[in-house]
Amino acid sequence: MALSVRVLGSFEVVSGGVAVPVAGVRRIALLARLAREPGRIIAAERLVLDVWGEAGTATAGKQLHIVVSKLRELLGPHHGGDLIVTGSGGYRLDLPRDQVDTHLFSRLVQDARAARARGDLAGADVLLRQALALWRGSALVGVAGEWARQESARLEEERLTAMEDHLDLRLAAGGHHTAVPDLVAYVDAAPLRERPRAQLMLALYRSSRLPEALVVYQDTRRVMIEELGIEPGAALQRLHRAVLNRDPGLDLRPPAERTVLAPAVIPAELPADTATFTGRTAEAAWLDRVLTGRPGAPVVAAIDGPGGIGKSALAVRAAHAVAGRFADGVLYVDLRGSTAGRTPMAPIEALGRLLRSLGLAGSAVPAELEEAAARYRSLTAARDLLIVLDNALDPGQVRPLLPAGPGCVVIVTSRQVMTSLDLADRLHLDGLGHDDGLALLARLVGAGRAAAEPEAAAQIVRLCGALPLALRIAAARLTARPDRTLAHLAAQLADATRRLDTLQHDDLAVRASIAASHVQLTREPAAKDTAELFPLLGLLDDSHSTACAAALMGWTEHRTEAALGRLMSARLLEPAGPGRYRMHDLVRLYARERVGQLCHERRTG
């Protein structure tokens, strides 16, 4: 599996298409510093200075050695050997240059300029698109050190220049009409750069908008004088005179002499549909009606349900069914609201991804949330888009990501009920019925294998609570061990004290899914009561009333009702009739584990 380092955005190490978590400010800074010059030995003294700074302690050399050892231990298995190699007086990163995105970007840009120099404008266009697509945001986000700040500024200048090169290609190919809105946004974001202002003047002139082209010059002159105390450069002044004189040299070449560039890419970002999707006929029909209603305002379909219930699978399936109706494409963002071990995505980061998918250059993405949201609404106002906001944390995360255009449709999935989202149609997703659970298990392990042990198959579905995630894990374990019977797995699951241990395989785990909701809940301001109540509710075998929970805790019913409501919102409790609540069997097992952990902590603490 090829390992790569990405710094054109937030720092990432990727192996086989999967991010490898690297924790620690100095580990990240050291790896990023080595990636600046892969294959070259960098002196240990230079690394200490760049990573630890001028105030580096006397033990910084030893600390450097420890950080290198930890990175080798973490990344060696993904690289097939030491990623960081000791050399004469220093260390080098053992990676080909193209496996560091900054160097791949530079090579692609150089190749594009060479292609243009030999007259291959179409080839240059493809190469520049590939180069600019590598950017995911500002370079070296999360990397500390003065060197990183300077390198980020240098890379940003390279990106802007490459963007301007690409805009030149578009203008040469007759794309002046479509280039105008991109140039307006670019000039807005970088008002002191003369080249994009000249490109905007030319695009407006060729679009028969001569007065607006002249206004751009006057605005440029005003900004330059006010901000820098200088007149526009000679090239821009010459262009101004040429526009005033309607110089034929500004006209586009005849069509026969133009180069046809690749069309703009229409985003199609949906994950693959689930081949073994089962049941949910009524829910899918409801979604189809909502998504195709198009009443003249943005449509928002909000799906909520407990972790592992199949919200994302249903949303992706429904989105695939209607994606062809949206001329401007489909956007998809995993907001990481309930992803074990990961921080929920900030709205500004999500907006950055959406804006870049809509064609906005990275440097033109506003850094402030309100401005970015306004730009997003402008770009979606006249488009037909399907937008899937998967795994949302809460309405506050989602609200800035809602488009403005009447041709836009949004699907939101979340464990939390999105009651405060305006205009949203809501679908509460419950567990699969027993028959659908059996059908899903049969599709996953094979109809013949399930039919050979019908009683064991039914027992597995019951012990999994018909939870799709649990059934998929059970099926994965059976698939990994074709020599094992369904009855063997059913017997393992029947041991309640080890059921959650059994329901984990590779990167899937029911315990981790439940824990994501529980951990998020404990971070809320009113976390103390819910943290105390949740594990003790797991001791109750059946549904319970508010009064029962209040008696268990010795609280007033008002205080208990508030804590129960928060557990309901997190989908760790479900309604069981008026004033009554119940836990899913697997959530109850997790809550009982928490009781045991708390007792152990108190004994040893």
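Whatever comes next refers back to the structure up there.
Residues numbered from 1 in each chain as written. Predicted model: local features only at pLDDT ≥ 70, side-chain atom pairs only at ≥ 80, totals over all residues. Heavy atoms only, no water.

**Digging into the packing of helix H13 (residues 347–357) against helix H14 (residues 369–380)**
To keep it simple, the criterion reads: Convention adopted: a line fitted to C-alpha atoms gives each axis, helices being fitted over their contacting stretch, and angles between N-to-C directions are expressed from 0 to 180 degrees. Under the scheme used here, helices are H or I runs from DSSP no shorter than 4 residues and strands are E runs no shorter than 2 residues, and both carry numbers assigned from the N terminus. The scheme is simple: roughly parallel for angles under 35 degrees, roughly antiparallel for over 145, roughly perpendicular for 65 to 115, oblique for anything else. Each crossing gets its hand from how the near helix is turned against the far one by less than a right angle, where anticlockwise is left-handed and clockwise is right-handed. Working rule for contacts: check all heavy atoms of both residues, and any pair within 4.5 Å makes them a contact. Gly falls in the polar group here, along with every residue not listed as nonpolar (Ala, Val, Leu, Ile, Met, Phe, Trp, Tyr, Cys, Pro) or charged (Asp, Glu, Lys, Arg).
Their axes nearest at 10 Å, the elements H13 and H14 cross at an angle of 30 degrees. It follows that H13 is roughly parallel to H14 by the angle criterion. Between H13 and H14 lies a crossing of left-handed hand. Residue-level contacts link Pro347, Ile348, Leu351, Leu354 and Leu355 of H13 to Leu369, Ala372, Ala373, Arg375, Tyr376 and Leu379 of H14. Looking at the contact of H13 with H14 residue by residue, the class counts come to 10 nonpolar, no polar and 1 charged.

**Here we look at the packing of helix H24 (residues 546–553) against helix H25 (residues 557–569)**
With their axes 9 Å apart at the nearest point, H24 and H25 run at an angle of 105 degrees to one another. Between H24 and H25, the angle falls in the class roughly perpendicular. Across the interface between the two elements, Thr546, Ala547, Ala549 and Ala550 from H24 touch Glu557, Thr560, Glu561 and Leu564 from H25. Tallied by class, the residues present in the contact of H24 with H25 amount to 4 nonpolar, 2 polar and 2 charged.

**What about the pairing of strand S6 (residues 90–93)?**
What counts, and what does not: Each pair of strands is called paired provided DSSP finds at least two bridges between the two strands.
Pairing geometry for strand S4 (residues 42–43) and S6, over 2 bridges, is antiparallel. Looking across to S6, one finds that isoleucine 42 is bridged to tyrosine 91. Both strand S5 (residues 84–87) and S6 contribute to a ladder of 4 bridges, which runs antiparallel. Within S6, the position partnered with threonine 86 by the bridge is tyrosine 91. Between S5 and the antiparallel strand that follows it, S6, lie 2 residues; glycine 89 among them carries a positive phi value of about 75 degrees.

**A word on the layout of surface pockets**
To keep it simple, the criterion reads: Buriedness of a pocket was judged along seven lines, with at least five required to meet protein on both sides within 12 Å; pockets are open sets of points on a 1 Å grid over the protein atoms alone, cavities are sets where a 1.4 Å probe fits but cannot get out, and lining residues have an atom within 4 Å of a point. Grid points are joined across faces, edges and corners, and a volume is the space filled by probe spheres set on the points.
Taken as a whole, the second largest pocket spans an internal volume of roughly 1,300 Å³. Contributions of two or more residues to the lining of the second largest pocket are made by helix H12 (311–322), strand S8 (330–334), strand S9 (385–392), strand S10 (408–414), helix H19 (468–480), strand S13 (508–509) and helix H22 (510–522). For the lining of the second largest pocket, the element with the most residues is H12, which contributes 5 residues.

**Focus: a nonpolar patch on the surface**
The following threshold applies: Residues enter patches when they are more than 30% accessible in relative terms and free of salt bridges; like-charged ones are connected within 9 Å and nonpolar ones (Val, Leu, Ile, Met, Phe, Trp, Tyr) within 5 Å. Where accessible areas are quoted, they stem from the Shrake-Rupley method and a 1.4 Å probe; at the residue level, only the protein chains shown are allowed to cover. Just to be clear on terms, a salt bridge is a Lys or Arg side-chain nitrogen sitting within 4 Å of an Asp or Glu carboxyl oxygen. Partly exposed describes any residue whose relative accessible area lies between the buried limit of under 20% and the exposed limit of over 50%, with all areas from a 1.4 Å probe on protein chains only and scaled to the type maximum.
A contiguous nonpolar patch, built from Leu192, Leu228 and Ile230 and spanning about 250 Å² of accessible area, is present on the exposed surface. You can see leucine 192 is positioned in the loop between helix H7 (176–189) and helix H8 (194–206). Residue leucine 192 is classed as partly exposed on the basis of its relative accessible area, which comes to 39%.

**Re the sheet that holds strand S14 (residues 544–545)**
Hydrogen bonds between backbone groups are what pair the strands of a sheet, and the pairing can be parallel or antiparallel. Spatial strand order, S14-S16-S15: 3 strands in an open sheet with antiparallel pairing. With partners counted over all chains shown, the strands left at the sheet margins are S14 and strand S15 (574–575), one partner each. Judged from the 2 bridges that link them, S15 and strand S16 (residues 580–582) form a sheet pairing that is antiparallel. In the strand pairing of S16, proline 575 is matched with tyrosine 581.

**Some points on the packing of aromatic side chains**
Defined as follows: Note on aromatic contacts: the rings of Phe and Tyr and the six-membered ring of Trp form a pair at centre separations within 6.5 Å, being stacked when their planes are under 30 degrees apart, edge-to-face when over 60 apart, and tilted otherwise. The criterion for a charge sitting over a ring is simple: Lys NZ or Arg CZ within 6 Å of the ring centre, and within 35 degrees of the ring normal.
Counting across every chain of the model gives 2 aromatic pairs. Aromatic pair phenylalanine 105 and tryptophan 135: ring centres 5.6 Å apart, planes at 85 degrees, arrangement edge-to-face. Of this pair, phenylalanine 105 sits in helix H4 (residues 101–117) while tryptophan 135 sits in the loop between helix H5 (121–133) and helix H6 (146–172), and the two are 30 residues apart along the sequence. In this pair, the class of phenylalanine 105 matches that of tryptophan 135, namely buried. Ring geometry for phenylalanine 534 and tyrosine 590: centres 6.1 Å apart, planes at 40 degrees, overall tilted. With phenylalanine 534 in helix H23 (residues 527–537) and tyrosine 590 in helix H26 (residues 585–604), this pair connects stretches of sequence that are 56 residues apart. On the basis of relative accessible area, tyrosine 590 is assigned to the buried category, the value being 8%. In this structure, arginine 33 packs its charged tip against the face of tryptophan 147, placed 5.7 Å from the ring centre.

**Things to note about the pattern of salt bridges**
In the structure shown here, the tally under the stated rule is 41 salt bridges. The salt bridge involving arginine 107 is made with aspartate 98; its shortest N-O contact spans 2.9 Å. The partly exposed category is assigned to arginine 107, whose relative accessible area is 33%. On the basis of relative accessible area, aspartate 98 is assigned to the partly exposed category, the value being 35%. Between arginine 280 and glutamate 283 there is a salt bridge, with the nearest N and O atoms lying 3.7 Å from each other.

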